[in-house]
There are 2 protein chains.
Amino acid sequence: MKIEELTEIVNQKLDEYMEIVYPQKIFKSMKYTVQLPGKRLRPIMCIESARLFGTDIENVLPTACAIEMLHAQTLIHDDLPCMDNDDYRRGKLTNHKVFGEAIAVLAGDALLTYAPQVILKYSKNLSSEKLVKIMAEYFQAAGAYGVIAGQVMDIEAEKLHNPYQIYDVDEEKYTEQDAELLHFIHLHKTSDLFKLAVRCGAIIGGADEQKLIALTEFAEKMGIAFQIADDILDVTSTFEKMGKTLGKDQASGKLTYVSLYGLEKAKIDLGILIQECFEILQDNDFNSEIFVSILNKIKAL
Amino acid sequence: MKIEELTEIVNQKLDEYMEIVYPQKIFKSMKYTVQLPGKRLRPIMCIESARLFGTDIENVLPTACAIEMLHAQTLIHDDLPCMDNDDYRRGKLTNHKVFGEAIAVLAGDALLTYAPQVILKYSKNLSSEKLVKIMAEYFQAAGAYGVIAGQVMDIEAEKLHNPYQIYDVDEEKYTEQDAELLHFIHLHKTSDLFKLAVRCGAIIGGADEQKLIALTEFAEKMGIAFQIADDILDVTSTFEKMGKTLGKDQASGKLTYVSLYGLEKAKIDLGILIQECFEILQDNDFNSEIFVSILNKIKAL
C-alpha cells in the first residue's frame, strides 16, 4: 500500500472512532485538532511496523489512530498561552483560539484517556496480555517519563539559556551541557511518540525482542532527524508552506539544533541520521517502501 | 481497620508509588498536589469495596492510590486561571501558584497516565483480564464521558446562567432544565470518581454483576450527597475549616444545589440521599463500618 492510501484509511478511522455526543463542545474540540490536516506519520509508522510481521491492518488501526490522538493532545497543550502561545497549527487556528482556553485544556486531558479507550474498544483480535503491554507502552510515552519530560525541559531551556546567534555560532558559546539538554528534549518530545508507534506495531505483530529493539532504535533516530528538519524549516520555510508561525524559535532565542550547531552542521547531521536509519532497515531485512519513502521525505524537507 | 489507619496506609503508598526522577520539577509538581492533606475518601472507598469480597488490601492499593492521583489531576486543572482560578486548595497554595501555569498543566497531564501506570506496575496478583477491565473503567471515568463532561458543563453553566439569589429562591426562577443540568454536573464531576473507586474495588474483589450495580448506585448517591454537602459548606463554613476560598459560588452566581433549591431543601435532600445509601448497604448485606462512618461524616458536615 502507498502512503497516500494509508493516510486516507487513517483519516477515515479517526473520523469513525471519534463520536460527537453530549456535551458536544468537548468532543468537537477534541476532534477539531485530531482532524487538522496532517501527514499521519505516527499512525502510518505503527501500521507499517505491524505489517512487517504479517499483521492484518484491521488489528493495528485502533492503536495507530490512538497514537495520532495522543499526538493531537500534545499539540493542543503545547499551543496554550501558558506554553508556546501559538495561534496557528497546520494552517488553522489552534484549539484554544477556537474553543477557548478552558475547553482546550480539557480537550487535551480528554484525549489522553480517549486514545487508549479507542484501543480497548476497537481492537478485536488482541489478547488481554497484548492489550496490557500496549497500555504500558502508551503510559510510558505519554507521561512524565516520555513526551512530557521533553516538554518540561523545553520550557526550562527557554528560561535557562540566553539567545544564541543563528548562522554565526561561536563554538565557545555552547557547552556539552546544552548539547545534552537539546538531545534530551528531542529524544522525548519527538522520538518518544515515533518509538511508541513502532513498538506498539511490533508488539501487535508479535515481533521478537531483537526486532523490537531494532525498530525502537530506528524510530529514535528518525524522530531526531524529523526534529532537526523541523528546526531547519523554522529558519528556511514560510508560513504558507508550513501552516504555522515560523521564525519563532529564532525570535525567542530558543535552543534548537540550528541555534546550537548552525544550519550547515544541522543539514549534515540530518543526512547522517537518515543514512543510519536506512542501514537499520537493511541490517534487519525490514523490507518497507513506506519507511524508505518517509525517510526520503524527511531528507528532502 | 479504622478510617484513620486506612488513610495512613494510603498516604504511605502514595509516597512510595511516586518517585522523583529527572526532570524533577514535573515529578515534584505531580506529587505536591497528590500529597496535599486530604481525607483520601476515594481510595478508602476502593479498598473497602474490595474488602467486602474478601480481597487482600495489597491487591487493591495500587488502584486505590491511582484514583487519588486522578482526583489530584482534576484539582490541578480545575484550579487553573482559565478554569476556576483558585489560589488555595486544602489550605495550601494551588499547583500553578507554586510551579507556574505551564508546569501545572503538564503535571495534570502527566498524572492522567501516571495513575494507570501505577496500577500496571504495582498490582502483583491481578490477571490481564482484570487489568484491562480496570483500565476501561479508569478511561471511562477520567475522560470526556466522565469527570470532564461534568467540568465542561460546570463551565458552560456559569456562562449560561444569571446569578441566582441565594437564600431567597423564587421557584419560578429555576427551571426543570437547570435542575437537570446541575444533576448532570454533580453526577459526572463528583459521583464518577466515587463510582470508579467502588467499581474497581468490586472488580478486583470479584463481585458478581448484581453487587457491582448495587455498589455503583451507592457511590453515585454518596457522590451527590458529598457535593450537596460541599455546596452547603460554601455558604456556611470558613476558610480556616475548609482550606480553600469560600463564598466563591455565591459571589460568582454559580449554579449550585443551594443556589437552585435553597439551603433548607439542600439539607433535607442530603439527609434523604444518606438514608438511601444506608438502605443499599443493608439490602445487599454490605457489612461495612467504613462506609457507615463516611456516610455519617458527610451527614454531619
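See the structure printed just above.
Note that the structure is a prediction, hence the values are computed from the model and not measured. (Residues numbered from 1 in each chain as written. Chains lettered and ligands numbered in written order. Predicted model: local features only at pLDDT ≥ 70, side-chain atom pairs only at ≥ 80, totals over all residues. Heavy atoms only, no water.)

1. A few points about the relation of the copies chain A and chain B
In the superposition of chain A on chain B (RMSD 0.0 Å, axial shift 0.0 Å), the rotation amounts to 180 degrees. Such a combination of rotation and displacement between the chain copies is what one expects of a two-fold axis. Residue A:S128 of chain A places its C-alpha closer to the rotation axis than any other residue of that unit, at 2.7 Å. When you check the interface residues of chain A against chain B, 100% turn up at the interface there too, and the contact is symmetric in its surfaces. (Least-squares fit on C-alpha atoms with pLDDT ≥ 70 in both. Contact = heavy atoms within 4.5 Å.)

2. Some thoughts on helix α1 (residues 3-17) of chain B
Residues and elements named next belong to chain B. Here α1 contains 15 residues, and its C-alpha end-to-end distance of 21 Å stays within 8% of the 21 Å for a straight helix at 1.5 Å per residue. Those residues of α1 that sit buried are I3, L6, T7, V10, K13, L14 and Y17. Along the axis of α1, the buried residues cluster in a sector spanning 130 degrees; they form a single face. Packed against the buried residues of α1 are α2 (24-34), α3 (41-52), α4 (57-78), α6 (101-122) and α15 (289-300). (Helix = DSSP H or I, 4+ residues; strand = E, 2+ residues; numbered from the N terminus. Expected span 1.5 Å × (residues − 1). Buried < 20%, exposed > 50% of the residue type's maximum accessible area, 1.4 Å probe, protein only. Arc of directions from axis to C-beta.)

3. With respect to the nonpolar core
Ranked by size, the top nonpolar core spans 219 residues in total, and within it A:M69 and B:M69 carry the most contacts. Beyond its immediate stretch of four places on either side in the chain, A:M69 contacts A:L14, A:Y17, A:M18, A:V34, A:L111, A:Y114, A:A115 and A:V118. (Core = buried A, V, L, I, M, F, W, Y, C linked by side-chain atoms within 4.5 Å.)

4. A few points about the interface of chain A and chain B
Across the contact, 49 residues belong to chain A and 49 residues belong to chain B. Contact with chain B buries surface across chain A, with A:T113, A:F139 and A:Y145 losing the most and accounting together for 16% of the total. Linking chain A to chain B there are 2 salt bridges. For B:E156, the salt bridge is made with A:K25, and the minimal N-O distance between the two is 3.2 Å. Those elements that place two or more of their residues in the side of chain A that touches chain B are α2 (24-34), α4 (57-78), α6 (101-122), α7 (128-142), α8 (147-160) and α9 (176-205) of chain A. Among the elements that line the side of chain A that touches chain B, the one with the most residues is α6(A), at 13 residues. The residue makeup of the side of chain A that touches chain B, split by class, is 34 nonpolar, 8 polar and 7 charged. (Buried area = accessible area lost by both parts, 1.4 Å probe. Salt bridge = Lys/Arg side-chain N within 4 Å of Asp/Glu carboxyl O. Nonpolar A, V, L, I, M, F, W, Y, C, P; charged D, E, K, R; others polar.)

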